[in-house]
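Residues per chain, in single letters:
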Number of protein chains: 2
Amino acid sequence: MTEFKICLIGFGAVGQGVAKAINMKKQSIQEKYGKELKIVAVSDSSSSAISDNGLDEELLLKTKSDFGKLNKYPEYGLDNSGEDVLDSVDYDCLIEVTPTNIENGEPAKSLALKAFKSKKDVVTSNKGHLALFYKELIEEANLNNVQFKFEASVGGAMPIINFADETLPSSNIKSIIGILNGTTNYILSRMTSEGSTYLNTLEESQQLGIAETDPTQDVEGIDAACKTVILANSVLNIDATYKDVEVVGISKITSEAIDLAKKEGYLIKLIAEVSPNSLRVSPRLVRKNSPYAVEGTLNMATLKTDLADEVTVVGKGAGSLETASAILTDLINIIKTK
Amino acid sequence: MTEFKICLIGFGAVGQGVAKAINMKKQSIQEKYGKELKIVAVSDSSSSAISDNGLDEELLLKTKSDFGKLNKYPEYGLDNSGEDVLDSVDYDCLIEVTPTNIENGEPAKSLALKAFKSKKDVVTSNKGHLALFYKELIEEANLNNVQFKFEASVGGAMPIINFADETLPSSNIKSIIGILNGTTNYILSRMTSEGSTYLNTLEESQQLGIAETDPTQDVEGIDAACKTVILANSVLNIDATYKDVEVVGISKITSEAIDLAKKEGYLIKLIAEVSPNSLRVSPRLVRKNSPYAVEGTLNMATLKTDLADEVTVVGKGAGSLETASAILTDLINIIKTK
């Protein structure tokens, strides 16, 4: 039995989901793959807990919940964070789940590059560095002969990157058309079912915690555009960055437009298109009772292929444990190769 | 570069799709996986073509199309078929795509067992032998240390068995609920959109070639029940055979029932349920605009998991090239291990 040491940077909703998921699954992973998972370091934005002997997942979650910070973790709590943490511990894989930053991709970019240079594998749910510097990151990972996985960055628990790679090896994927943002899908679904205005529905979504206080990244299509770039690069092998995506959000959609579509048997959805000819995110009409007609916060993606025709996946685009499930899948796929 | 020799038994729609798919993809498979695919034998119900040096896929398709049989294949056409063919050629993998037989699983069962005993891997799209003798077949494959793959047997081009295995390794799958028969989904969708009766819609489907002249296997739920058993065994590890499935078909569904459901925001679908507590195929109400609301001949399956919550796949449940894509995926997964 060998150990597999994890350094977890980022301890918000997704990071805490990762700790929960590892706690739930480490026994079965040990039995199935012969590796003992150990979280040796966890860091939030201003504190950390570090121990070569492994940290207790439940105690990490309790410390964060009780004190809001990790420096109160018994015996092993510290006041450092970020890259500092990578320097102070020996680990096999970095799980990086800091907030997405679409300005410069930091701190995700520096953390990943630092890990690559130390010959460590990296799993991330981050979109910013991938949307801005995909090629550079992949090249650096390849140069150092390490693995870099990011299933959780697109669609949360909806499998899409591994899905295209592992489940459809016989087909060429020609394009991906999908709903890649749960918040806007929720808003449009509610506007359709309730006949309510955009602003009222946005406010309701904010009260429910589905939309953020500043909803710009979601409603203006920025989040979906990041995911579009990641799929373009990773699945369709298109060398693109964030600025190559044409983006129109949903903030100008009226209840009248939705009503009119509805009468003709259509729904309005914020659709991301990934194809060699077009990278765009925009509101489009989709047929009722088609695979695009999923409601609520669900994400979906239809892969157009040469042999299998159209194949669609649908799943939860967000959620703490759901996103952690995609991170854990990447982690297991790395462990399998060790 | 090493050869990978294929013996293809069954040369109807699916078998011809396999020949087409191999013809389309052998070059890229050679480049990617370093194996030269060669079809060394093909057999339909009463004739065959066999050559150690490999057969030409286009000539096989042309011979079948021109003469209806393979014994007219230039130089290498023969009058034998079935198990005989397995004895007369050296091969690495049997692709068995004979018609499903739910009475005794033949000839699929004997062909698979014969191949296993000769230490050959087997890929199949057949449902009969799997629905009746799953455990025996898997045990015999394991005993001989060979691979036995059957993605195409459930859902055609819709990935489900490999999907559960490879894309969701972090989650336990608790149940699968899905639409596993395209013909009945087409009939119910048309009854819903057109308000027509079951019998009129069945007749229309038969004229379009979507329903068979004897539609029993589809409309009485037998086909879906076979797939239910295969998923129970392969994904949920439930030791079950065909007789364990409760089956109700769609032949008693009236247009009034469909109308009534529609008024309340529901659709009637033939739903297969695979869970430790229940193996059943029956008409059930599903919500409009839910992942279950797919139309036409599409298949879908929702996997309920512990970490990823619900994940759904949708795809073409039938079609010559579509089903062949699933067979080719299995073949590639075998080649990868060689």
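Whatever comes next refers back to the structure up there.
The sections below set out a description of the structure shown in this document. (Residues numbered from 1 in each chain as written. Chains lettered and ligands numbered in written order. Predicted model: local features only at pLDDT ≥ 70, side-chain atom pairs only at ≥ 80, totals over all residues. Heavy atoms only, no water.)

### A short note on the relation of the copies chain A and chain B
The relation between the two copies of this chain is a rotation about an axis and a shift parallel to it. Where we set the bar: A residue counts toward the fit only if its pLDDT is at least 70 in both copies, and the copies are then superposed by least squares on the C-alpha atoms of those residues. Contact criterion: two residues are considered in contact whenever any of their non-hydrogen atoms come within 4.5 Å of each other.
Mapping chain A onto chain B calls for a screw motion: a turn of 180 degrees about the axis and a shift of 0.0 Å along it, with 0.0 Å RMSD after fitting. When the rotation and shift are considered jointly, the pair of chain copies conforms to a two-fold rotation axis. Of every C-alpha in chain A, the one belonging to Val-313 of chain A sits nearest the axis of rotation, 2.3 Å from it. Most of the interface of chain A is mirrored in chain B, where 100% of its interface residues are also at the interface.

### Description of helix H1 (residues 13-33) of chain B
Residue and element names in this part refer to chain B. Here is the rule: What the bend at a residue measures is the angle between two axes, fitted to the seven residues ending there and to the seven starting there. Counting from the N terminus, the helices are DSSP H or I runs at least four residues long and the strands are E runs at least two residues long. Exposure categories follow from relative accessible area, calculated using a 1.4 Å probe and restricted to protein chains: below 20% of the type maximum is buried, above 50% is exposed, and the middle band is partly exposed.
The sharpest bend along H1 measures roughly 50 degrees and falls at Lys-25. Residues of H1 that are buried: Gly-15, Gly-17, Val-18, Ala-19, Ala-21, Ile-22, Lys-25 and Ile-29. In this structure, the buried residues of H1 make contact with strand E1 (2-9), strand E2 (35-43), helix H2 (57-67), strand E5 (93-96) and helix H12 (320-336). After H1 finishes, the residue Gly-34 shows a positive phi value of roughly 70 degrees.

### As for the side chain of Asp-218 of chain B
Residues and elements named next belong to chain B. Threshold: Within this scheme the basic residues Lys and Arg register as positive and the acidic residues Asp and Glu register as negative, but His and the chain ends are omitted. For this document, the term salt bridge refers to a Lys or Arg side-chain nitrogen within 4 Å of an Asp or Glu carboxyl oxygen. We call two N or O atoms a polar contact when they sit within 3.5 Å, provided that within protein one can donate a hydrogen and the other can accept it, with sequence-adjacent residues counted only if both atoms are side-chain atoms.
Topologically, Asp-218 is positioned in helix H9 (residues 216-219). The charged side chain of Asp-218 is buried without a salt bridge, its nearest counter-charge being Lys-227 at 6.3 Å. Among the polar contacts listed, one links the side chain of Asp-218 to the side chain of Asn-181, at a separation of 2.7 Å. Dropping the residues within four chain positions of it, Asp-218 is found in contact with Asn-181, Thr-183, Thr-184, Glu-212 and Asp-223.

### Some words on the sheet that holds E5 of chain B
Residue and element names in this part refer to chain B. As a reminder, the rule being used: DSSP bridges decide pairing: two strands pair if at least two such bridges lie between them.
Read across the open sheet, the 7 strands follow the order E4-E3-E2-E1-E5-E6-E7; overall the sheet is mixed. Pairing within the sheet leaves two strands with one partner each, and these edge strands are strand E4 (77-78) and strand E7 (148-149). Where E1 lies against E5, 4 bridges are found, and the strand directions are parallel. Note on E5: the bridge partner recorded for Leu-8 is Ile-95.

### A few points about the interface of chain A and chain B
As a reminder of what qualifies: When two parts are brought into contact, each loses some accessible area as probed by a 1.4 Å sphere; the total of that loss over both is the buried area. When residues are sorted by character, Ala, Val, Leu, Ile, Met, Phe, Trp, Tyr, Cys and Pro go into the nonpolar class, Asp, Glu, Lys and Arg into the charged class, and all the rest, Gly among them, into the polar class.
Each partner contributes residues to the interface: chain A has 42 residues there, and chain B has 42 residues. When the buried surface of chain A facing chain B is broken down by residue, Thr-167, Asn-289 and Leu-307 of chain A rank first, second and third, together holding 20% of it. The tally of links from chain A across to chain B stands at 6 salt bridges. Here Arg-287 of chain A makes a salt bridge to Glu-295 of chain B, at a shortest N to O gap of 3.1 Å. The tally of links between chain A and chain B comes to 13 residue pairs in polar contact (both at pLDDT 80 or more). At the level of elements, helix H1 (13-33), helix H6 (161-167), strand E13 (310-316) and helix H12 (320-336) of chain A are the ones that each hand at least two residues to the side of chain A that touches chain B. Tallied by class, residues from the side of chain A that touches chain B come to 21 nonpolar, 11 polar and 10 charged. In terms of strand pairing, E13 of chain A meets strand E13 (residues 310-316) of chain B through 3 bridges, oriented antiparallel. Looking at the pairing, Val-313 of chain A lines up with Val-313 of chain B of E13 of chain B.

### Thoughts on the nonpolar core
This is how the line gets drawn: What we call a nonpolar core is a set of buried Ala, Val, Leu, Ile, Met, Phe, Trp, Tyr and Cys residues that are connected through their side-chain atoms within 4.5 Å.
One finds Ile-160 and Ile-176 of chain A together with Ile-160 and Ile-176 of chain B to be the most contacted residues of the largest nonpolar core, which totals 142 residues. Beyond its immediate sequence surroundings of up to four residues, Ile-176 of chain A is in contact with Ile-160, Leu-231, Val-235, Leu-236, Ala-272, Glu-273, Val-274, Ala-301, Thr-302 and Leu-303 of chain A.

### Re the packing of aromatic side chains
To keep things clear, this is the line we draw: Any pair of Phe, Tyr and Trp rings, taking the six-membered ring for Trp, is counted once the centres come within 6.5 Å. Such a pair is stacked with planes under 30 degrees apart, edge-to-face with planes over 60 apart, and tilted for the rest. We count a charge as sitting over a ring when the NZ of a lysine or the CZ of an arginine lies within 6 Å of the ring centre and within 35 degrees of the ring normal.
What the rule picks out here adds up to 7 aromatic pairs over all chains. Pairing Phe-163 of chain A with Phe-163 of chain B gives two aromatic rings, centres 5.3 Å apart and planes at 80 degrees, and the pair type is edge-to-face. Of this pair, Phe-163 of chain A sits in helix H6 while Phe-163 of chain B sits in helix H6 (residues 161-167), each in a different chain. In terms of burial, Phe-163 of chain A and Phe-163 of chain B fall into one category: buried. Chaining the aromatic ring pairs together yields one cluster made of Phe-116, Tyr-134, Phe-148 and Phe-150 of chain A. We note Lys-109 of chain A situated over the ring of Phe-133 of chain A; from NZ or CZ to the ring centre the distance is 3.9 Å.

### Some words on helix H5 (residues 128-143) of chain A
Residue and element names in this part refer to chain A. Worth spelling out the cut-off: The length a helix should cover is 1.5 Å for every residue beyond the first.
An ideal rise of 1.5 Å per residue puts 22 Å on 16 residues; H5 measures up with 22 Å between its terminal C-alpha atoms. Roughly 90 degrees is the biggest bend found in H5, and it falls at Tyr-134. Of all the positions in H5, only Gly-128, His-129, Leu-130, Ala-131, Tyr-134, Leu-137, Glu-140 and Ala-141 are classed as buried. Packed against the buried residues of H5 are strand E5 (93-96), helix H4 (108-117), strand E6 (121-124), strand E7 (148-149) and helix H10 (222-234).

### Looking at the environment of Ser-46 of chain A
Residues and elements named next belong to chain A. Structurally, Ser-46 can be placed in the loop between strand E2 (35-43) and strand E3 (48-50). Between the C-alpha atoms of Ser-46 and Lys-64, which are 18 residues apart in sequence, the distance is 12 Å. Other than its neighbours up to four places away in sequence, Ser-46 contacts Lys-69, Asp-79, Asn-80 and Ser-81.

### A look at the sheet that holds E5 of chain A
Residues and elements named next belong to chain A. Quick note on the threshold: Inter-axis angles, ranging from 0 to 180 degrees, are taken between N-to-C directions of lines fitted to C-alpha atoms, where helices are fitted over the stretch in contact.
In spatial order, the strands read E4-E3-E2-E1-E5-E6-E7; together these 7 strands make up an open sheet with mixed pairing. In the strand order of this sheet, the two ends are held by strand E4 (77-78) and E7, each with one partner. Here 2 bridges tie E3 to E4, and the two strands are oriented antiparallel to one another. Its bridge partner being in E4, Ser-48 is matched across the sheet by Leu-78. Of the strands in this sheet, strand E1 (2-9), E5, E6 and E7 touch H4, which is tilted by about 175 degrees from E5. Against the sheet, H12 touches E1, E2, E5, E6 and E7, its axis set at about 160 degrees to E6.

### Details of the pairing of strand E8 (residues 173-179) of chain A
Residues and elements named next belong to chain A. With 6 of 7 residues buried, E8 lies mostly within the body of the structure. Bridge count for E8 against strand E12 (residues 298-305) is 6 bridges, and the pairing is antiparallel. Among the inter-strand pairings, Gly-178 is bridged to a residue of E12, identified as Ala-301. Taken together, the 3 bridges between E8 and strand E10 (residues 266-275) define a ladder with antiparallel strand orientation. By the bridge assignment for E10, Gly-178 is matched with Ala-272.

### A few points about the environment of Gln-147 of chain A
Residue and element names in this part refer to chain A. As for its placement among the helices and strands, Gln-147 is situated in the loop between H5 and E7. Separated by 187 residues in sequence, Gln-147 and Ile-334 have C-alpha atoms that sit 7.3 Å apart. Once residues within four sequence positions are removed from consideration, Gln-147 is found in contact with Asp-121, Val-122, Ile-334, Thr-337 and Lys-338.

### Notes on the pattern of salt bridges
All names here are of chain A. Taken as a whole and judged by the stated rule, the model has 40 salt bridges over all chains. A salt bridge links Lys-26 to Glu-57, with the shortest nitrogen-to-oxygen separation between them at 2.9 Å. Here Lys-26, found in helix H1, pairs with Glu-57, found in helix H2 (residues 57-67); they are 31 residues apart in sequence, far enough to count as distant. Looking at Glu-57, the relative accessible area reads 2%, which means it is buried. The residue Asp-66 makes a salt bridge to Lys-62 at a minimum N-O spacing of 2.5 Å. In this pair, Asp-66 and Lys-62 both sit in helix H2, 4 residues apart, roughly one turn of the helix. When its relative accessible area of 43% is taken as the criterion, Asp-66 is described as partly exposed. Here the salt bridges share partners, and the residues they tie into one network are Lys-127, Asp-223 and Lys-227.

Honestly, that's just the spatial picture; any functional story needs more than this.
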